[in-house]
Structures are given as structure tokens and as C-alpha cells.
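# A closer look at the structure
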Amino acid sequence: MTIDAHPELPEFDYLRPATLMEASQFLAQHSGEARPLLGGTDIFVRMRDGLWHDKYLVDVKHLDGSDALVFDPQEGLTLGAAVNMNRVIASAEVQQHYQLLAEACRSVASYQLRTRATVVGNICNASPAGDTIGACLALKGVLTVHGLGGFRQVPLATFFLGPGKTILEAGDIVTAIHFPRPPHGATGTYLKLGRNKLSDLSIVGVTVYGYPDASAASGYRFCIALASVAPVPLLVPSAAEHLASKPTTPKTFKQAAHLAQEACSPIDDVRGGARYRKAMVRNLTEKALGITWERLGQV
Ligand SMILES: Cc1cc2nc3c(=O)[nH]c(=O)nc-3n(C[C@H](O)[C@H](O)[C@H](O)COP(=O)(O)OP(=O)(O)OC[C@H]3O[C@@H](n4cnc5c(N)ncnc54)[C@H](O)[C@@H]3O)c2cc1C
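Because the structure is a prediction, the values reported are computed rather than measured. (Residues numbered from 1 in each chain as written. Predicted model: local features only at pLDDT ≥ 70, side-chain atom pairs only at ≥ 80, totals over all residues. Heavy atoms only, no water.)

Scanning the model with the defined rule gives nine aromatic pairs in all. Measuring from ring centre to ring centre gives 5.2 Å for Phe-159 and Phe-160, while their planes differ by 85°; the resulting arrangement is edge-to-face. Looking at Phe-159, the relative accessible area reads 0%, which means it is buried. Consider the rings of Phe-253 and Trp-293, whose centres lie 6.2 Å apart with planes at 80°: the pair is edge-to-face. Of this pair, Phe-253 sits in helix α10 (residues 250–263) while Trp-293 sits in helix α11 (residues 274–295), placing them 40 residues apart in sequence. (Phe/Tyr/Trp six-rings, centres within 6.5 Å; stacked < 30°, edge-to-face > 60°. Buried < 20%, exposed > 50% of the residue type's maximum accessible area, 1.4 Å probe, protein only. Helix = DSSP H or I, 4+ residues; strand = E, 2+ residues; numbered from the N terminus.)

Residues Leu-79, Leu-101 and Ile-123 are the most contacted members of the largest nonpolar core, which totals 56 residues. If we ignore the near neighbours within four places in the chain, the residues touching Leu-79 are Ala-68, Leu-69, Val-88, Leu-101, Val-119, Ala-176, Ile-177 and Phe-179. One finds Val-204, Val-229, Cys-264 and Val-281 within the second-largest nonpolar core, a separate group that totals 27 residues. (Core = buried A, V, L, I, M, F, W, Y, C linked by side-chain atoms within 4.5 Å. Contact = heavy atoms within 4.5 Å.)

A separate point is the site of the ligand. In the region of the ligand, 33 residues are neighbours, and Pro-36, Thr-41, Asp-42, Thr-118 and Asp-131 sit closest. Contact distances for the ligand include 2.7 Å between an oxygen atom and a backbone N or O atom of Pro-36. For the ligand, the accessible surface in isolation is 1000 Å², of which the surrounding protein chains cover 89%. A total of four residues in the shell around the ligand trace back to one element, the largest contributor, which is helix α7 (residues 119–125). (Near = heavy atom within 4 Å. Polar contact = N/O pair within 3.5 Å; in protein donor to acceptor, adjacent residues only side chain to side chain. Areas by Shrake-Rupley, 256 points an atom, 1.4 Å probe, with all protein chains shown as cover.)

For helix α9 (residues 237–245), the full list of buried residues reads Ala-239, Ala-240, His-242, Leu-243 and Ala-244. As for α9, its buried residues are in contact with β13 (220–227), α10 and α11.

The strand order across the open sheet built from five strands is β4-β5-β10-β6-β7, with neighbouring strands paired in antiparallel fashion. The open sheet has two edge strands with one neighbour each: β4 (69–72) and β7 (150–155). Averaged over all adjacent pairs, the angle separating strand axes in this sheet is 20°, with direction ignored. Note: strand β6 (residues 142–147) against strand β10 (residues 173–179), five bridges, orientation antiparallel. Bridging from a neighbouring strand, Val-145 pairs with Val-174 of β10. (Pairing = 2+ DSSP bridges. Axes fitted to C-alpha atoms, helices over the stretch in contact; angles between N-to-C directions.)

Don't take any of this as a statement about function, it's just geometry.
Written out as C-alpha cells, the structure reads:
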């Protein structure tokens, strides 16, 4: 018996609506058999593998500012949905003010893939393993969503419901993600543990983001986000509170890493066992806190 591990891409219709409203209406009318298309790096793999059976792919890359990457010193950064990861990495403004986002994008697969893959597609795919999502959460990303009722803003922290599940409704299209200007002195680290250095999803991904803040007892605030260890990309408020309230020492980092380990609920799968993942969350969180602390210029 031969097993065809890569069946052919099934037939589908490609649509390129002229306006966002036309796109939203079509998607709503064909709910369950149509989906928005950006870079297609998730879509085509799943259709080819027989996991998705959409009749229509609705290209939204050209619609209403989706191609724009705009930085405003007061307002912050807006990434249009169609901006691919290589453009994010290459942006001088992202490198200067949102270095964590560039670092997270750089961890995704290969240069070739990042020429197609978008940050918004990574988010909308809603995989708990999405490498850019932790940075987007730490940077307090807010999505602009266009639906049948027009535009609305959705904080990323409220977006994920489960693996592959989001709050998006039929007809909804994410047009952009916006990041406020980061606090002065902010920096961060993304550590990804994969089975190889190239082109693999994470076994565990740890994002740490920190900045000086006189209103915190410790003088600093940190945010920790975890990938691949829960049904959704996971923020760890218990660790953040601990780090804000205790003196910033190696012992505090160890305790925060322990809290991150306690907060996650990984599964066993082909990439790693649950126990291993939990142990790696602890180790990588402690390491990422140390690197972030160095980057904060304190060591
Ligand atoms: C070889 C390979 C290696 C990979 N390695 C990694 C990796 O290391 N790390 C990682 O995180 N990911 C990886 N991926 C996954 C993938 O590249 C990312 O998830 C990518 O960022 C998705 O973006 P896209 O623009 O290609 O989205 P698409 O494939 O176009 O869309 C993804 C999903 O989002 C929906 N969607 C798209 N646009 C919108 C919109 N505007 N509004 C609402 N919903 C929308 C689509 O309908 C679909 O469900 C890899 C993929 C491949 C093929």
C-alpha cells in the first residue's frame, strides 16, 4: 500500500473583491466554504493535506491600506494585514522601537517563507505555537477588524478562544494590527525551542518583555507570554505581578520562571511531551528574563 503524504491541492475559486465591504459580504454569505487569504502559508498546506475544504479563497491583501507599515512617534506602529514578516524585520522603525517583534518574526521558518507569511495571518491562524503572537501580546497589539457592521477594534488579549478558534465572526476581516508606542527603555527577548533550527514550529516559545516603571515596587515591569504550552497563546500575569513586586534578582527570576511553569498546561504531541515542555518553560523563562535584564542595561 502506498500512502500519499502530499495529496494535490484541491480545486477552489480565487476571488479578489474590490472593497472590504464586498469581501465581508461574500465571506458572510459563504460562511464555512470561504476564507480570507493573505500569504497562504497556512491555507495551502492545510488544503493540500485535506484538512480544509474551502471552495473560495478571498484575497484581502490589496484592500484598504492592508499593505501599509506606518510608524508615528506619538501613536505607535500600525502593520497592515498584508505586510509580510521580512518587511517587518527590515523596517528601521521596528528595529528601533519594536525589536522584540522583529526578533519574533526572525524565528519563523526561513527567509523564503517570511516573504509570504504575515504577522496578521500568524495571529488569525490562532495556533498556540504561532511565534509572533507572544510579541504582539506583550506589545499590547490591537486588531482592526472589518465586518458587516463596519470597523471595530479588538485587543489581541481577547482574541483567542482555542486552537484555531478566535472571536472573529462570519464576514470579519482583520485589516491591521496596531501597537502603541512602547514605554521608554522597553526591550525583550524571544526564545524558541524547536526540533531543528530551521522551519519547525516551537516545542516551547517564551517571550519576555520588560521596561523600567517607577510605579512598580521593583522599579520594573515584565510581561511573559508562552507558546505551544496551552490551548491558546498564554500570558502569565502571576509571574508579571511577582516581578513587579519583588526586587529584581536572580532568585526572583527563578521564582517567576516557576510561576510560568505552573501556569501552562501543555499536551504530549509529536514535537514533545508535556513534562518536557513544562521543564523547558521554566528553563527558558529564567534564561529569557536574564537576557532581557542584560538588554535593559542592568548587568
Ligand atoms: C514550511 C512552513 C514553516 C512554518 N514555520 C513556522 C514557524 O516557524 N513559526 C510559525 O509561527 N509559523 C510557521 N508556519 C506557519 C505560517 O507560516 C504562519 O502561521 C503565517 O504567519 C500565516 O500567515 P499567512 O499570511 O501565510 O496566512 P494565511 O495562510 O493566508 O492565513 C492563515 C489563516 O488566517 C486567516 N486569515 C488570513 N487573513 C485574514 C484576515 N485578514 N482576517 C481574518 N482571517 C484571516 C486565513 O483564512 C487562515 O485561516 C510555517 C508554515 C510553513 C508552510
